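The chain contents come next:
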Amino acid sequence: MQDILNRRANTSAEAIALEELYGAHNYHPLPVVLTRGEGAYVWDVEGRRYLDFLAAYSAVNQGHCHPRLVAVMREQAGRLTLTSRAFHNDLLGKYEEYICHFFGYERVLPMNTGVEAGETAIKLARKWAYEVKGVPDGRARVVFADNNFWGRTLAAVSSSSDPETYTHFGPFMPGFERIPYNDLDALEEAISDPDTAAFMVEPIQGEAGVIIPDEGYLQGVRALCSKYNVLFIADEIQTGLGRTGKMLACDHEGVKPDMLLLGKALSGGMMPVSAVLSSHEIMNTLRPGQHGSTFGGNPLACALAMEALQILKDENLAENAAAMGDLFRKKLAELAIPGLSGLRGKGLMSAVDVEPGIFRMTAREWCEKLLTAGLLAKQTHEFTVRMSPPLMIDASHVVEAIDAIKNSIQ
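Residues numbered from 1 in each chain as written. Predicted model: local features only at pLDDT ≥ 70, side-chain atom pairs only at ≥ 80, totals over all residues. Heavy atoms only, no water.

1. Some points on a nonpolar patch on the surface
Part 1 of the argument: Where nonpolar side chains cluster on the molecular surface, the patch consists of Leu18, Leu21 and Tyr22 and spans about 370 Å² of accessible area.
Part 2 of the argument: Tracing the chain through its elements places Leu18 in helix H2 (residues 12-22). (Patch = residues over 30% accessible without salt bridge, like charges linked within 9 Å, V, L, I, M, F, W, Y side chains within 5 Å. Areas by Shrake-Rupley, 256 points an atom, 1.4 Å probe, with all protein chains shown as cover. Salt bridge = Lys/Arg side-chain N within 4 Å of Asp/Glu carboxyl O. Helix = DSSP H or I, 4+ residues; strand = E, 2+ residues; numbered from the N terminus.)

Here it is in structure tokens:
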């Protein structure tokens, strides 16, 4: 056993073989084994450098191993990491005050992963529906958009329209309904049912392929949810924290959801940290023992989250994302590559489709070519590639990415 602890993988092939032998086969990664990261770059075990245009699905918006986050982690890890919620710790209240003021909410419930934030929001919505709205017990409905993605728990797959996600995992959560995304008429029909507790939606659908709704959609969602006394839950796990060129994607339309879900970059990729922000009225429906998490709100997470948010503000990363995103899509469009279509995005959240028969590669195959050219990106579904680098990139990184894309095609 000590030999295993002391051994490091000398080659990518060796590391991949160990995963194949001992790990569950629930992922299909690109064939690269990463060992170090700094800013917008990562290195594999052979020492080759790559420009990261995935950013851990927006978890490292601040860049890999940001020195301020590393310093905070080292300091707090040497002092106190976990107390559980059986006791108070000296950072939780400070963090709760900080994040509530940062986003303009009254209360926060800290969790760990993004999917836990989604589960928490649904529990809160149901509790509010029964105790405040007056929905008869056991009848609360939660509405979702088709092609949503917020995780792979049983509740998350119960709301999914992707057969790959839900097949052979039933029976599913009752009280869930799906409607078309970006369709206000369908939303009004669904939530006019008086038993509706909430509508949970991504302002931009990430896993679906960076699907951007029509201008005014989020304002329409806000107006309809207010009209029918239904909670508007914004899943900003991927789109929040500067990714789309604003601190929140909802800020593009000036709307405030009843519940805001944050995660991923809330710790700058240092550890799992998520949060549900809401009002006194909604949060105060929970009482001791009705929801919780051993690790949620731990001192290490609180310290990292405050620093991660402050970095976004101090380094103007949302503004940089807006500028660099526009530049990247402009330069990619100028390449006019046959078989690449549907270029779209907001801020540094971009996607492009590959056309079968013209491009002559699937999205996965193109990502493998990009890997060889020194750029890391990842497909979603068979014919879409997402590109979402850390928000601290500059124009030289954009040029480097465009060169890698040209090389991958050649």
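2. Quick look at the sheet that holds strand E3 (residues 49-52)
Part 1 of the argument: The strand order E1-E2-E3-E13 describes an open sheet built from four strands, whose pairing is mixed. Because the sheet does not close on itself, it has two edges, and the strands there are strand E1 (34-38) and strand E13 (375-376).
Part 2 of the argument: Strand direction decides the pairing type here: E1 and strand E2 (residues 41-44), joined by four bridges, are antiparallel. The residue of E2 that forms the bridge with Arg36 is Trp43.
Part 3 of the argument: On top of the sheet, helix H15 (residues 395-409) reaches E2, E3 and E13; it is set at about 110° to E3, its chief contact. (Pairing = 2+ DSSP bridges. Contact = heavy atoms within 4.5 Å. Axes fitted to C-alpha atoms, helices over the stretch in contact; angles between N-to-C directions.)

3. Overview of the side chain of Ser12
Part 1 of the argument: Along the chain, Ser12 falls in helix H2.
Part 2 of the argument: Given a relative accessible area of 12%, Ser12 falls into the buried group. (Buried < 20%, exposed > 50% of the residue type's maximum accessible area, 1.4 Å probe, protein only.)

4. Overview of the sheet that holds strand E12 (residues 349-354)
Part 1 of the argument: In spatial order, the strands read E11-E12-E15-E14; together these four strands make up an open sheet with antiparallel pairing. In the strand order of this sheet, the two ends are held by strand E11 (340-346) and strand E14 (378-380), each with one partner. Within this sheet the neighbouring strands show an average axis-to-axis angle of 30°, counted without direction.
Part 2 of the argument: Bridging between E14 and strand E15 (residues 384-387) involves three bridges; their strand directions are antiparallel. Residue pairing in the sheet places Gln379 in a bridge with Val385 of E15.
Part 3 of the argument: Against the sheet, helix H13 (residues 317-335) makes contact with E11, E12 and E15, and its axis sits at roughly 170° relative to E11, the strand it touches most.

5. Regarding the packing of helix H9 (residues 184-191) against helix H10 (residues 217-227)
Part 1 of the argument: Following both chains from N to C, one finds H9 and H10 inclined at 15°, their axes separated by 10 Å at the closest point. Classified by the interaxial angle, the pair formed by H9 and H10 is roughly parallel. Classified by chirality, the crossing of H10 by H9 is right-handed. Of the residues in H10, those in contact with Leu184, Leu187, Glu188 and Ile191 of H9 are Tyr217, Gly220, Val221, Leu224, Cys225 and Lys227.
Part 2 of the argument: Here the contact of H9 with H10 is built from residues that sort into seven nonpolar, one polar and two charged. (Parallel < 35°, antiparallel > 145°, perpendicular 65-115°, else oblique. Left-handed = near helix turned anticlockwise from the far one by under 90°. Nonpolar A, V, L, I, M, F, W, Y, C, P; charged D, E, K, R; others polar.)

6. Quick look at the nonpolar core
Part 1 of the argument: Counting residues in hydrophobic clusters, the biggest one holds 70 residues, and the most contacted among them are Tyr95, Ile99, Phe103, Leu266, Trp366 and Ile405.
Part 2 of the argument: When residues in this core are grouped by element, the largest group, 11 residues, is from helix H12 (residues 299-314). (Core = buried A, V, L, I, M, F, W, Y, C linked by side-chain atoms within 4.5 Å.)

7. Notes on the packing of aromatic side chains
Part 1 of the argument: In the structure shown here, the tally under the stated rule is nine aromatic pairs.
Part 2 of the argument: Positioned above the aromatic ring of Trp43, the side-chain terminus of Arg36 is 3.8 Å from the ring centre.
Part 3 of the argument: Over the face of the ring belonging to Tyr41 we find Arg49, whose NZ or CZ atom lies 3.9 Å from the ring centre. (Phe/Tyr/Trp six-rings, centres within 6.5 Å; stacked < 30°, edge-to-face > 60°. Lys NZ or Arg CZ within 6 Å of the ring centre and 35° of its normal.)

8. Things to note about the pattern of salt bridges
Part 1 of the argument: The tally for this structure, following the rule as stated, stands at 20 salt bridges.
Part 2 of the argument: One salt bridge in this structure joins Lys127 and Glu131, with 2.5 Å as the shortest N-O distance. Of this pair, Lys127 and Glu131 both sit in helix H6 (residues 114-133), four residues apart, which is roughly one turn of the helix.
Part 3 of the argument: Across the pair Asp258 and Arg222 runs a salt bridge, and its minimum N-O distance is 3.0 Å.

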